[in-house]
Amino acid sequence: MSSLKFYGKASCITCKKAKAFLQEQGIAFDEFPIETQPPAKEILERLIDANGVKNCLNSRSAIYKEKGLGKNLPDKKTAVQLMQQDPNLIKRPVIINQATQLYQGFDEASLSAFLKAH
């Protein structure tokens, strides 16, 4: 078992960049397809607590656009329910370390800092 869990989508460009970065750093991770094995409800709740609802939602997803979530941001409970119903609404990737600390999205500098700090 690796020290990181990586929740992503094979067709997601951001996920591909994050995976390539981790591989370049020689960091092993267990990969989970977010569409069929999304993070647990508790993880989604913690992501929102850490980042706010807006930063945890994938603004490119169909449900985000259909429901007009950019203009009508849901509360935490509703956002978690929507993400559980349609995991494509979760901003990707979601990375969890052994200490269950969370990282979401991809920025090389901030992911490096996350990896060094944990």
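Since the structure is predicted, the reported quantities are computational estimates derived from the model, not experimental observations.

Caption draft 1: Representation of helix α2 (residues 41-51). Three or more residues of α2 are buried, namely Ile43, Leu44, Leu47 and Ile48. Buried positions in α2, seen along its axis, are confined to an arc of 135° and lie on one side of it. The exposed residues of α2 that point more than 90 degrees off its buried face are Asp49 and Ala50. At the C-terminal side of α2, glycine 52 shows a positive phi close to 85°.

Caption draft 2: View of the environment of phenylalanine 29. Turning to its location among the elements, phenylalanine 29 is positioned in strand β2 (residues 29-33). Through-space distance from the C-alpha of phenylalanine 29 to that of lysine 5 is 5.6 Å; in sequence the pair is 24 residues apart.

Caption draft 3: Just the pattern of salt bridges, in detail. Under the definition given, this model contains two salt bridges. In this structure, glutamate 31 and lysine 19 form a salt bridge, with 3.0 Å as the shortest nitrogen-oxygen distance. Of this pair, glutamate 31 sits in strand β2 while lysine 19 is found in helix α1 (residues 13-24), placing the two residues twelve residues apart along the sequence. The residue aspartate 49 makes a salt bridge to lysine 76 at a minimum N-O spacing of 2.6 Å. A residue pair is termed long-range when its members are at least 10 positions apart, and aspartate 49 in helix α2 and lysine 76 in helix α5 (residues 76-85) qualify at 27 residues. By relative accessible area, which is 31% here, lysine 76 ends up partly exposed.

Cut-offs used in this document
- Residue positions within a chain follow its written sequence, with the count starting from 1.
- The predicted nature of this model means local features are confined to residues of pLDDT at least 70 and side-chain atom pairs, given and counted, to a pLDDT of 80 or more, with totals for whole chains, interfaces and linings taken over all residues.
- Note that the side-chain values use all heavy atoms of the structure and ignore hydrogens as well as water.
- Each residue is assigned to one of three classes by its accessible area relative to the maximum for its type, calculated with a 1.4 Å probe on protein chains only: buried under 20%, partly exposed between the two thresholds, exposed over 50%.
- Numbering of helices and strands runs from the N terminus, with a helix taken as a DSSP run of H or I at least four residues long and a strand as a DSSP run of E at least two residues long.
- The arc under discussion is defined with respect to the helix axis, by the directions toward the C-beta atoms.
- By salt bridge we mean one thing: a side-chain nitrogen of Lys or Arg within 4 Å of a carboxyl oxygen of Asp or Glu.

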